[in-house]
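Commentary on secondary and tertiary structure
What follows is the residue order along each chain.
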Amino acid sequence: MVGENGRGAESVRPERITAIVTQSGNAYMEGFTPFWDVLFAHAEDRAVNESAVRELLTAEATRWQYTHGVPTDRLDRIGPETWTLDQAGLDRPGNKDIQLQLFWDYRFNLDAYPVFQEYFRTHQPPLLAAWGRGDEIFGPAGAEAFTRDLPDAEIHLLDAGHFALETHGPEIAALVRGFLGRHVK
């Protein structure tokens, strides 16, 4: 929602946004979980915290992102190729350094949060949040926070982890179809 001119969506063409669908798309500080502690520490002091952040780029950490918070009866919906392919990308020469830079840069996203929130308050776009209740990367509080500025936001906390689409794809698809059917003509 930041335009090509670097300004917020409201300065570009807010009427072009007819609805917002988000799945672990944070726009509030409440969504940050302890997972982010090391990332924010890294943003403040790269040298001291780099080794801890590199741990987030291991095969074990990548698999955790897919499986943590997922009910046991839905784990079989996540094919091992998901985290295996992600890890293969992470393991390409030079990519871990790129990921470290992306993690470091994330702090600049926080500067846009007040712009997003002002846009929400001013324009009141319909919003659907389908979030994993067990998401320990962007916690459920991040989804619920949307209602502060968008009281009519539809918030659905599913019995899922961070990658809710992997385990709850049909349910999320139904939510999106219904939401768009009500709000996009």
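Below: a short report on this structure. Counting of residues starts from 1 at the beginning of each chain's written sequence and follows it residue by residue. The predicted nature of this model means local features are confined to residues of pLDDT at least 70 and side-chain atom pairs, given and counted, to a pLDDT of 80 or more, with totals for whole chains, interfaces and linings taken over all residues. The side-chain values count all of the structure's non-hydrogen atoms but skip hydrogen atoms and water molecules.

Topic: the packing of helix H4 (residues 80-90) against helix H5 (residues 95-105)
In plain terms, the rule: Axis lines are fitted through C-alpha atoms, for helices just across the contact stretch, and the angle between N-to-C directions can take any value from 0 to 180 degrees. Helix numbers and strand numbers start at the N terminus; a helix is a DSSP run of H or I with at least 4 residues, a strand a run of E with at least 2. Comment on the angle field: the value is read as roughly parallel under 35 degrees, roughly antiparallel over 145, roughly perpendicular from 65 to 115, and oblique elsewhere. Residue contacts follow a heavy-atom distance rule, with two residues in contact if any of their heavy atoms lie within 4.5 Å. Each residue receives one of three labels: charged for Asp, Glu, Lys and Arg, nonpolar for Ala, Val, Leu, Ile, Met, Phe, Trp, Tyr, Cys and Pro, and polar for the others, Gly being one of them.
As a packed pair, H4 and H5 sit with axes 8 Å apart at the nearest point and diverge in direction by 95°. By the angle between their directions, the pair H4 and H5 is classed as roughly perpendicular. Listed contacts from H5 to Gln87, Gly89 and Leu90 of H4 are Asn95, Lys96 and Gln99. The class makeup of the residues in the contact of H4 with H5 is one nonpolar, four polar and one charged.

Some words on the sheet that holds strand E3 (residues 154-158)
Operational definition: Here the rule is simple: two strands pair whenever DSSP picks up at least two bridges between them.
Sheet architecture is open: three strands sit in the order E1-E2-E3, paired in parallel fashion. Here the strands that pair on one side only, and so sit at the sheet edges, are strand E1 (20-22) and E3. When the angles between neighbouring strand axes are averaged without regard to direction, this sheet yields 10°. As paired elements, strand E2 (residues 127-132) and E3 share five bridges and run parallel to each other. Residue pairing for E3: Gly132 is matched across the bridge by Leu158.

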